[in-house]
Amino acid sequence: KKYMTISLVQLNIYQLIIVFTAMTITGSIALALRIISFGLLTNFNRKYTIAYSSKFTLWIVGIKLDLPKNNPIPKSNCFITFNHNSYLDIFALTALGYTNTIFLLSEKTLKIIPVTLSALSIGVAYIPQQKHAKRRLNFFIRLERRILKRQINVAGASEGVHNHHHGIDRFNRGVYHMAKLCNLNIIPLYINVPKESNPFNKYKYFKRGTIKIEKLDTLSTDEWTIENLDMHVKNMRDIYVNMFNQTNEEKVEL
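Residues numbered from 1 in each chain as written. Predicted model: local features only at pLDDT ≥ 70, side-chain atom pairs only at ≥ 80, totals over all residues. Heavy atoms only, no water.

### Regarding the nonpolar core
Step number 1: In terms of nonpolar packing, the biggest core is built from 34 residues, with Ile-80, Leu-93 and Leu-189 touching the most fellow members.
Step number 2: Residues contacting Leu-189, with those up to four places away along its chain left out, are Ile-80, Thr-81, Phe-82, Asn-83, Leu-93, Leu-96, Tyr-98, Ile-213, Glu-214, Lys-215 and Tyr-240.
Step number 3: Residues Ile-152, Met-178, Leu-184 and Leu-229 belong to the second largest nonpolar core, which totals 31 residues. (Core = buried A, V, L, I, M, F, W, Y, C linked by side-chain atoms within 4.5 Å. Buried < 20%, exposed > 50% of the residue type's maximum accessible area, 1.4 Å probe, protein only. Contact = heavy atoms within 4.5 Å.)

Right under this line is the structure:
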């Protein structure tokens, strides 16, 4: 038993070395492409360089992907949201290869250099943490102006930063406030990560498995108001809770 445990630890270490090395190389190449092209190759990185790098990363750690067949998203501005309870989510989502899409990522991840290189190469926007309320507010104001000025989509987690667990956490109001102010249609993606294949807040001791992403029905914000925003945020969370309860033995309360 001791020998098997040591072998398992060593296997995970070797996998992580390969993953971080590959991410550093591809992230550096992709970032260089974006810089020398003055941003013209950002969509190329989104669709190809980082998308394939993400698929390779998941393959190395034994994770297969089941992506939606109706994968393309509308060219008009929209907000793509998803549940987020695994470090693996970021790789599954970037593997979709969405172009003209700004992914929102917490500043908390900036310390992970290989991830940061890849993120910068596809034009990720870093959200200040909630403890920096003023900077966070200014971030959303600038982002809303950017969305209204350009034809671009935004993708961000409804749950924001939290301790990963097997379930659906509370939903943040900020991203939905942005979606309403910019009159964005909402495209919900449901990510199903098997509990045994989820490393949660760690990087080891998870089993091989399949991550499935389902594209749910697009929702309009035309009839939303800022006054009834909390109700709509709750309704959005209910959609995800119902999806989770249908695909897992454990149940989450609405």
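### Considering the environment of Asn-138
Step number 1: Mapped onto the secondary structure, Asn-138 falls in helix α5 (residues 133-149).
Step number 2: You can call Asn-138 partly exposed: its relative accessible area is 32%.
Step number 3: Sequence-wise, Asn-138 and Pro-128 are 10 residues apart; in three dimensions their C-alpha atoms are separated by 9.5 Å. (Helix = DSSP H or I, 4+ residues; strand = E, 2+ residues; numbered from the N terminus.)

### Quick look at a nonpolar patch on the surface
Step number 1: A cluster of nonpolar side chains, Ile-13, Tyr-14 and Ile-17, forms an exposed patch at the surface whose accessible area comes to about 310 Å².
Step number 2: Considering the arrangement of structural elements, one finds Ile-17 in helix α1 (residues 2-36).
Step number 3: Residue classification places Ile-17 among the partly exposed residues on the basis of a relative accessible area of 48%. (Patch = residues over 30% accessible without salt bridge, like charges linked within 9 Å, V, L, I, M, F, W, Y side chains within 5 Å. Areas by Shrake-Rupley, 256 points an atom, 1.4 Å probe, with all protein chains shown as cover. Salt bridge = Lys/Arg side-chain N within 4 Å of Asp/Glu carboxyl O.)

### Some thoughts on unusual backbone geometry
Step number 1: Unusually for a residue other than glycine, Phe-38 sits at a positive phi of about 55 degrees.
Step number 2: Along the chain, the position of Phe-38 falls in the loop between α1 and α2 (42-60).
Step number 3: Residue class for Phe-38 comes out exposed when judged on its relative accessible area of 80%.

### Here we look at α2
Step number 1: Given a rise of 1.5 Å per residue, 19 residues ought to cover 27 Å, and the 25 Å separating the end C-alpha atoms of α2 matches this to within 8%.
Step number 2: The principal kink in α2, of about 35 degrees, is found at Ile-50.
Step number 3: When we look at burial in α2, the residues that qualify are Thr-42, Asn-45, Arg-46, Thr-49, Ile-50, Ala-51, Ser-53, Ser-54, Thr-57, Leu-58 and Ile-60.
Step number 4: Immediately beyond the C-terminal end of α2, within one or two residues, lies Gly-62, with a positive phi of roughly 85 degrees. (Expected span 1.5 Å × (residues − 1). Bend = angle between axes of the 7 residues up to and from the residue.)

### Some words on the sheet that holds strand β6 (residues 185-192)
Step number 1: Strand order in this open sheet of seven strands is β1-β7-β6-β2-β5-β3-β4, and the pairing throughout is mixed. Strand pairing shows two members of the sheet lacking a second neighbour, β1 (63-66) and β4 (125-127), which therefore form its edges. Taking the axes of each pair of neighbouring strands and ignoring which way they run, one obtains an average angle of 25 degrees across the sheet. (Pairing = 2+ DSSP bridges. Axes fitted to C-alpha atoms, helices over the stretch in contact; angles between N-to-C directions.)

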